[in-house]
Amino acid sequence: TKREDLRTDFVTLTNDILQRQQHQPQAKGDLTILLSAISSACKWISNVVRKAELLKVIGVTGGTNVQNENVQKLDILSNQIMCNLLRDSGKTAILVSEEDDDAIFIEDGKKGFYCVCFDPLDGSSNIDCGVSIGTIFGIYRVKDTHGKPSLADVLRPGTEMVAAGYCMYGSSTVLVLTFQGSNEVNGYTLDPHIGEFVLTHRNMKLGKKKIYSINEGNESTFDDAIKGYLKSVKYPPPGHTGKFTPYSARYVGSMVADVHRTILYGGIFMYPGGKLRILYECFPMSLLVEAAGGKASTGRKRMLEVTPESLHARSGIILGTKEEVDKVEELYKQLD
Ligand code: AHG
Ligand code: MN
Ligand code: MN
Ligand code: MN
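Basis of the calculations
Think of each chain on its own: its residues are numbered from 1, step by step along the sequence as written. Each chain is given a letter, starting from A, and each ligand a number, starting from 1, according to the order in which they appear as written. Given that this is a predicted model, residues contribute local features only at a pLDDT of at least 70 and side-chain atom pairs are listed and counted only at 80 or more, while totals for whole chains, interfaces and linings are drawn from all residues. Here the side-chain values reflect all heavy atoms present in the structure, with hydrogen atoms and water set aside. What counts as a ring pair is set by centres within 6.5 Å for rings of Phe, Tyr and Trp (its six-membered ring), and what kind of pair is set by the plane angle: stacked under 30 degrees, edge-to-face over 60, tilted for all other angles. Comment: the charge-over-ring label is applied if NZ (Lys) or CZ (Arg) is within 6 Å of the ring centre and within 35 degrees of the ring normal. Each metal site lists N, O and S donors within 2.8 Å (3.2 Å for Na, K and Ca). With water left out of the atoms, a site can look as if it is missing ligands. The secondary structure listing takes helices from DSSP runs of H or I that are at least 4 residues long and strands from runs of E that are at least 2 residues long, numbered from the N terminus. Each residue is assigned to one of three classes by its accessible area relative to the maximum for its type, calculated with a 1.4 Å probe on protein chains only: buried under 20%, partly exposed between the two thresholds, exposed over 50%. Only a single heavy atom is needed: when it lies within 4 Å of a molecule or strand, its residue is near that molecule or strand. Between N or O atoms, a polar contact is any pair within 3.5 Å; within protein, one atom must be a potential hydrogen donor and the other a potential acceptor, and residues adjacent in sequence are included only when both atoms are from side chains. Under the convention used here, a 1.4 Å probe and the Shrake-Rupley method define accessible areas, while residue burial counts only the protein chains that appear. The method works on a 1 Å grid over the protein atoms by themselves. A cavity is a set of points holding a 1.4 Å probe that cannot get out, a pocket is an open set with protein on both sides within 12 Å along at least five of seven lines, and residues with an atom within 4 Å of a point line them. More than half of a molecule's atoms lying within 2 Å of a cavity's or pocket's grid points is what places that molecule inside it. In this classification, the charged set is Asp, Glu, Lys and Arg, the nonpolar set is Ala, Val, Leu, Ile, Met, Phe, Trp, Tyr, Cys and Pro, and all remaining amino acids, among them Gly, are polar. Strands qualify as paired when DSSP identifies two bridges or more between them. Only heavy atoms enter the contact rule, under which two residues are in contact if any of them lie within 4.5 Å. The angle between two axes is taken between their N-to-C directions and runs from 0 to 180 degrees, where each axis is a line fitted to C-alpha atoms and a helix contributes only its stretch in contact. UniProt positions are given in the numbering used here, feature names are shortened, and annotations may be inferred rather than shown by experiment.

Caption draft 1: Region of interest: the packing of aromatic side chains. In this structure the tally under the stated criterion is 0 aromatic pairs. The ring of Tyr265 has Lys209 lying over it, and the distance from NZ or CZ to the ring centre is 4.8 Å.

Caption draft 2: Spatial organisation of the coordination of the manganese ion (ligand 4). Surrounding the manganese ion (ligand 4) are the protein donor atoms Glu98 (OE), Asp119 (OD) and Leu121 (O), which sit 2.0 to 2.2 Å from the metal. Between the manganese ion (ligand 4) and the manganese ion (ligand 2), both coordinated by Glu98, there is a metal-metal distance of 3.6 Å. Here Glu98, found in the loop between β3 (92–97) and β4 (104–105), pairs with Leu121, found in strand β5 (residues 111–122); they are 23 residues apart in sequence, far enough to count as distant. Take Glu98 and Leu121: they sit in the same class, and that class is buried.

Caption draft 3: View of the site of ligand 1. The environment of ligand 1 is formed by 18 residues, the closest being Asp122, Gly123, Ser124, Tyr251 and Tyr271. Contacts to ligand 1 include Tyr271, whose side-chain N or O atom sits 2.7 Å from an oxygen atom. Contact with the protein chains removes 87% of the 470 Å² of surface that ligand 1 exposes when unbound. Among the detected pockets, ligand 1 sits in the second largest pocket. For the shell around ligand 1, the secondary structure elements donating two or more residues are β5 and β13 (268–271). For the shell around ligand 1, the leading source of residues is β5, giving 3 residues. Partitioned by chemical class, the residues of the shell around ligand 1 number 6 nonpolar, 5 polar and 7 charged.

Caption draft 4: Spotlight on the coordination of the manganese ion (ligand 2). Around the manganese ion (ligand 2), the donor atoms from the protein are Glu69 (OE) and Glu98 (OE), and they sit 2.0 to 2.1 Å away. The metal-metal distance between the manganese ion (ligand 2) and the manganese ion (ligand 3) is 5.3 Å. In this pair, Glu69 is assigned in the loop between β1 (60–64) and β2 (70–72) and Glu98 in the loop between β3 and β4, connecting sequence segments 29 residues apart. Accessibility expressed as a relative area gives 23% for Glu69, which makes it partly exposed.

Caption draft 5: Structural context of the sheet that holds β4. The sheet built from 8 strands is open, its strands ordered β4-β3-β5-β6-β7-β8-β9-β10 with mixed pairing. For this open sheet the edge positions go to β4 and β10 (196–201), each flanked by a neighbour on one side alone. Strands in contact with helix α3 (residues 73–89) are β3, β4, β5 and β6 (133–141); relative to β5, the strand with the most contacts, it is inclined by about 165 degrees.

Caption draft 6: Structural view of the environment of Ser254. With respect to the helices and strands, Ser254 occurs in the loop between β12 (248–249) and α5 (255–265). For Ser254 and Pro149, which are 105 residues apart along the polypeptide, the C-alpha to C-alpha distance reads 32 Å. Not counting residues within four places of it along the chain, the set of residues in contact with Ser254 comprises Asp122, Gly123, Asn126, Ser132 and Ile133. Only 2.7 Å separates the side chain of Ser254 from the backbone oxygen of Ser132, close enough to count as a polar contact.

Caption draft 7: Representation of the sheet that holds β13. Across the sheet, 5 strands lie side by side as β12-β11-β13-β15-β14; this open sheet has mixed pairing. Whereas interior strands pair on both sides, the edge strands pair on one side only; in this sheet they are β12 and β14 (295–297). Bridge analysis of strand β11 (residues 211–213) against β13 gives 2 bridges, and the strand direction is parallel. The residue of β13 that forms the bridge with Tyr212 is Ile268. Strand contacts of helix α4 (residues 224–234): β11, β13 and β15 (317–320), with the helix running at about 150 degrees to β13, the strand carrying the most contacts.

Caption draft 8: Representation of the UniProt feature "domain: Fructose-1-6-bisphosphatase class I N-terminal" (unreviewed entry) in the protein chain in the model. The UniProt entry lists residues 12–201 under the feature "domain: Fructose-1-6-bisphosphatase class I N-terminal" (unreviewed entry), expressed in the numbering used here. Segment residues 12–201 splits into 28% helix and 34% strand. End C-alpha atoms: 12 Å apart.

Caption draft 9: Geometry of the pairing of strand β9 (residues 185–191). A large share of β9 lies buried, amounting to 6 of its 7 residues. Where strand β8 (residues 173–179) folds back on β9, the antiparallel hairpin that results is connected by 5 residues, among which Gly181 adopts a positive phi of roughly 85 degrees. Across 5 bridges, β9 lies against β10 in antiparallel orientation. Following the sheet pairing, Gly187 is matched in β10 by His201. Remark: 4 residues form the turn of the hairpin made by β9 and β10, two consecutive strands paired antiparallel; Gly195 in that turn has positive phi of roughly 65 degrees.

Here is the structure:
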């Protein structure tokens, strides 16, 4: 008899994508091959991250990047792994990476029709203390498969991304993925012994827990809408009588970890001001949160409808349970 407590049937990421893509009439398997390359890169990055201390690839390189951040050795390694495997897939035309000032245009012999915007290693400040970090990616298809790829193929609203996902290197390695229009988010956990991502989180939908996630150290820079929202989750409204239960505060400092928790448990994640990058942090996470039944906003408009002015353009972002994001947007309306 089938023992319920032991997984005796499993679906791998590759099989799952193949099955989903087969239903797409125009699918020629290109996106499947591209996603397979991304999943291989994530497996390798996971392998290196977990051995970083042993391989002595921990710590900073001493350099700074276009973001004016101290670059960690793992930022560079992860970036090289992603760039090499994406190029070798033969399915990409343009690569946009947090760690490269300019877009990378793939040479003709290896050129394909997809543009991948990625953060090779998100949460770098958490590497040395062993806290969860991750890789984030968003994929556009070139506008004209007969034309010459250009920045116009990536400086586009997030609504035009065909797929987005992240891989979190935490207590386990989990790759979470959504396809534009699918309204579905699926999570696959890496079994390092068989080297496969196995479907473990089918059709993820935001939970209902009352959690808020923000770096309160930046409070002096918050506008009144954010301050008003934070007050409302910590203190009872004026005139309130009876029991009041404040929200829980959870903040990891790696966007991948804070967003993964927000999708699984519910709640709200906010990074007001302009630190997070639109193309390879805000857009992919917004596509995922919306597909999981949540909402993602700049505070004043739907995040995915923003058109980035430059590759590393930044935006404030508020994402999570729809009701919570609605409250913040309402406070911005009162502010303006
Ligand atoms: P990255 O490590 O790719 O540069 O991204 C770091 C980002 C994001 O992961 C996180 O949400 C945010 O920085 C944390 O910023 P603070 O340390 O200012 O809270
Ligand atoms: Mn960085
Ligand atoms: Mn990041
Ligand atoms: Mn990064």
